[in-house]
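# Architecture and fold: a report
One-letter residues, chain by chain:
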Amino acid sequence: MAVVPYLLADGRPDIAHYPATGEPLGMGVRPVVVADTTVYAAVCVERMINAWPEVVPRPWLVLTAEAPIPSPPAARFRIRALGARLAGTVTLPYLPVLRTIDDPAEALEHKPVQAAAARLRRHLEGN
């Protein structure tokens with residue numbers, strides 16, 4: 001799947017889950033949409049954001065690079081056009097080690113993943 005919405009609980013950076021359809025948001029929960037940097041994913045994000053309910057807080061968009069090259073111009077344009085409807089956007093670098101692990105916890109043993117995770121956390125926390 002190219003686009004995945006998650007809910008993050010404030011004060012619990014270790015907890016993220018995929019929301020069920022119609023699931024109410026609890027206090028302190030921030031929606032986060034995770035997508036890769038392809039044009040197809042940008043189109044999917046655009047559709048999702050266009051259908052985003054007004055009563056739900058604007059989501060953060062986390063883009064994950066799937067190759068060590070910049071995303072296509074058409075994808076960048078679509079994401080930039082959505083900027084005002086997002087809480088923020090952060091792009092994670094291509095991390096080849098993520099293709100080789102069995103368990104996400106293993107990824108944090110690698111310095112590039114630790115650095116990307118720290119950068120992501122700073123963005124999401126507004127620092």
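Structure report, in brief. All values reported here derive from a predicted model rather than from experimental measurement.

## So, the pattern of salt bridges
Tallying each qualifying case throughout the model produces one salt bridge. Among the ionic pairs, Arg78 bridges to Glu46, the shortest N-O distance being 2.3 Å. On the criterion of sequence distance, the pair formed by Arg78 in helix H2 (residues 73-81) and Glu46 in helix H1 (residues 39-50) is long-range, its members being 32 residues apart. You can call Glu46 partly exposed: its relative accessible area is 25%.

## Quick word on the packing of H1 against H2
Viewed as axis vectors pointing N to C, H1 and H2 meet at an angle of 15°, and their least axial separation amounts to 8 Å. Accordingly, the angle class assigned to the pair H1 and H2 is roughly parallel. At the point where H1 passes H2, the crossing takes the left-handed sense. Side by side, H1 and H2 meet where Val39, Ala42, Val43, Val45 and Glu46 of the first sit next to Ala74, Ala75, Arg78 and Ile79 of the second.

## Notes on the side chain of Ser71
With respect to the helices and strands, the residue Ser71 is situated in the loop between strand S4 (60-64) and H2. Since its relative accessible area comes to 17%, Ser71 is described here as buried. Ignoring sequence-local partners within four residues, the contact set of Ser71 consists of Thr37 and Arg76.

Cut-offs and rules
- Residues numbered from 1 in each chain as written.
- Predicted model: local features only at pLDDT ≥ 70, side-chain atom pairs only at ≥ 80, totals over all residues.
- Heavy atoms only, no water.
- Salt bridge = Lys/Arg side-chain N within 4 Å of Asp/Glu carboxyl O.
- Helix = DSSP H or I, 4+ residues; strand = E, 2+ residues; numbered from the N terminus.
- Buried < 20%, exposed > 50% of the residue type's maximum accessible area, 1.4 Å probe, protein only.
- Axes fitted to C-alpha atoms, helices over the stretch in contact; angles between N-to-C directions.
- Parallel < 35°, antiparallel > 145°, perpendicular 65-115°, else oblique.
- Left-handed = near helix turned anticlockwise from the far one by under 90°.
- Contact = heavy atoms within 4.5 Å.

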